[in-house]
Amino acid sequence: MLQVNYIRENREKVLERLSVRNFKQPELVDEIIKIDEERRSTQTSLDNISAEANAAAKQIGDLMRTGKKYEAEAIKAKTASHKENIKALTEKLTELEAAQFNAIVQLPNLPYDLVPKGSTAEENEVVYLHGAPAALPTKALPHWELAAKYDIIDFELGVKITGAGFPVYKGKGARLQRALINFFLDHATAAGYKEMQVPHLVNAASGFGTGQLPDKEGQMYHSTIDDLYLIPTAEVPVTNLYRDVIVKEEDLPIKNTAYTPCFRREAGSYGAHVRGLNRLHQFDKVEVVQITHPDKSYETLEEMSRYVQSLLHELGLHYRVLRLCGGDMGFTSAMTYDMEVWSAAQERWLEVSSVSNFETYQANRLKLRYKGKEGKAQLAHSLNGSALALPRIVASILENYQTENGIKIPEALVKYTGFDIID
RNA sequence: GGAAAGCUGGCAGAGUGGUCGAAUGCGGCAGUCUUGAAAACUGUUGACUGUAAUAGGUCCGGGGGUUCGAAUCCCUCGCUUUCCGCCA
């Protein structure tokens, strides 16, 4: 959520930045400014009347105490109008605040200066390319066929017990999942992230804090009987750990990591691109989250990007890094890098990680601030990244490491899996 | 699921209608003392809003009500803890 004062004082800049996203409702900006003017003048009127009412009440108190009951009654008679005015102005103010809030939550984050203008994925900027496509055997298979061939992931069994998009991992497939989770968590720990185990269901306040609510309500599984949401990513619980918190400036940066399953309804996405592991309703992911000083967040974004790349590097995958254009970025992000791994068998890039700087957008919703030894509390910056999401990494490993004798396990993973080939 | 108690500043905790944004302790910050530190002592220390700066306003779990005046009384919702029940 953007800050009203910033919008008011930087109208041109806000409009210019929103155009980088091809934001469709720039008129919201002026609407917000207009509501804000009215809101503040209403607030001032209310404050003045409240001040009068407070003074009168105090005077009555003093008179009562000194036994001047008659004079007190005289002042009481005058206070009736205060009450009505306060009530009316309070109602007006509540309405204006609600209107302003409803408008402001519709504004996405402002893209950072480096973000290219654009509206579709084609306009993303490739900033780094690593490795070359794997040399595959002549009859290379896509991962869903490999999964069936070696009986390591069973999609049909998942359909039986739950539904499409909930695969069952079997034998070495299950073991590979567990190995990747441990591999990712160990590396995150080595990189200075503190491992956390967090709830997989969150309340509505948490969903709002990181921006899933109100606009992406339909994408989350909702346990209505208790009004709790299944997390779509560990970002939600891990970032909300700091909701309504003022951290000490010297404690920054805060670096946390967590493994969690992620649940996504993915309403409305079907077709060839969602085959196999490409898009699931439940999947596993290790997430890294940082809370930083505003001056350091872009430095941190680069650090996180390099960290994610180091994982792909170790797994020996051919990947590229994209800087997303304004239109392809998430609603809450100020700048995002996507890491994509080449799937030789599917002949397409698979997004395996997304690393974003949210600047103060989440912090403003979360009321996450930091405070130095002097001065006021300021909004901190929050960042997060997948490090990494398992399904597409598994797909990449299966596809890119397939041989005629079976699927080789990347060397760095062998000590975690305990085997070096799936056959 | 049943019953009870509670929700106050970074934390603990007092406060049952007016002088309460709120005692006290801890913690934080500054200072005195010290070669330095600790201890002790002194002072200081909530957030938001608002102003050129003052002032003013709001906040004692959320919402509503009573009253000239509410942390305090009433209603309602939420949450937490404890006991009982069930149970990994």
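The rules we used
Residues numbered from 1 in each chain as written. Chains lettered and ligands numbered in written order. Predicted model: local features only at pLDDT ≥ 70, side-chain atom pairs only at ≥ 80, totals over all residues. Heavy atoms only, no water. UniProt positions renumbered as here; feature names shortened; annotations may be inferred. Helix = DSSP H or I, 4+ residues; strand = E, 2+ residues; numbered from the N terminus. Axes fitted to C-alpha atoms, helices over the stretch in contact; angles between N-to-C directions. Parallel < 35°, antiparallel > 145°, perpendicular 65-115°, else oblique. Left-handed = near helix turned anticlockwise from the far one by under 90°. Contact = heavy atoms within 4.5 Å. Nonpolar A, V, L, I, M, F, W, Y, C, P; charged D, E, K, R; others polar. Expected span 1.5 Å × (residues − 1). Buried < 20%, exposed > 50% of the residue type's maximum accessible area, 1.4 Å probe, protein only.

Thoughts on the UniProt feature "coiled-coil region" (unreviewed entry) in chain A
Next, step 1: Residues annotated in UniProt with the feature "coiled-coil region" (unreviewed entry) correspond here to residues 72-99.
Next, step 2: Regarding residues 72-99, the helix share stands at 96% and the strand share at 0%, and the terminal C-alpha atoms are separated by 41 Å.

Comments concerning the packing of helix 8 (residues 172-190) against helix 11 (residues 297-314)
Helix-helix packing is described using two parameters, namely the angle between the two axes and the distance between the axes.
Next, step 1: Where helix 8 meets helix 11, the axes come as close as 11 Å, and the angle between the chain directions of the two elements is 135°. With respect to helix 11, the element helix 8 is oriented oblique. Between helix 8 and helix 11 the crossing geometry is right-handed. On helix 11, the residues touching Phe183, Phe184, His187 and Ala188 of helix 8 are Tyr307, Leu311 and Glu314.
Next, step 2: In terms of residue class, the contact of helix 8 with helix 11 is built from five nonpolar, one polar and one charged.

A closer look at helix 5 (residues 80-104)
Next, step 1: Compared with an ideal rise of 1.5 Å per residue, which puts 25 residues at 36 Å, helix 5 spans 36 Å between its outermost C-alpha atoms and is within 8% of the ideal.
Next, step 2: Residues of helix 5 that are buried include every one of His82, Leu89, Leu93, Leu96, Gln100, Ala103 and Ile104, and no others.
Next, step 3: Residues of helix 5 that are buried make contact with helix 1 (4-9) and helix 3 (27-65).

Observations concerning the packing of helix 2 (residues 11-20) against helix 3
Next, step 1: Closest axis-to-axis distance for the helix 2/helix 3 pair is 10 Å, and the angle between their directions is 150°. The pairing of helix 2 with helix 3 is recorded here as roughly antiparallel in orientation. Handedness of the helix 2/helix 3 crossing: right-handed. For the pair helix 2 and helix 3, the contacting residues are Arg11, Val14, Leu15 and Leu18 in the first and Val29, Asp30 and Ile33 in the second.

Regarding helix 11
Next, step 1: With 18 residues, helix 11 ought to run about 26 Å at 1.5 Å a step, and its terminal C-alpha atoms sit 26 Å apart, in line with that.
Next, step 2: Looking at helix 11, one finds that the buried residues are Ser297, Tyr298, Thr300, Leu301, Met304, Ser305, Tyr307, Val308, Gln309, Leu311 and Leu312.
Next, step 3: Phi for glycine 316, located one or two positions after helix 11, is positive at around 70°.

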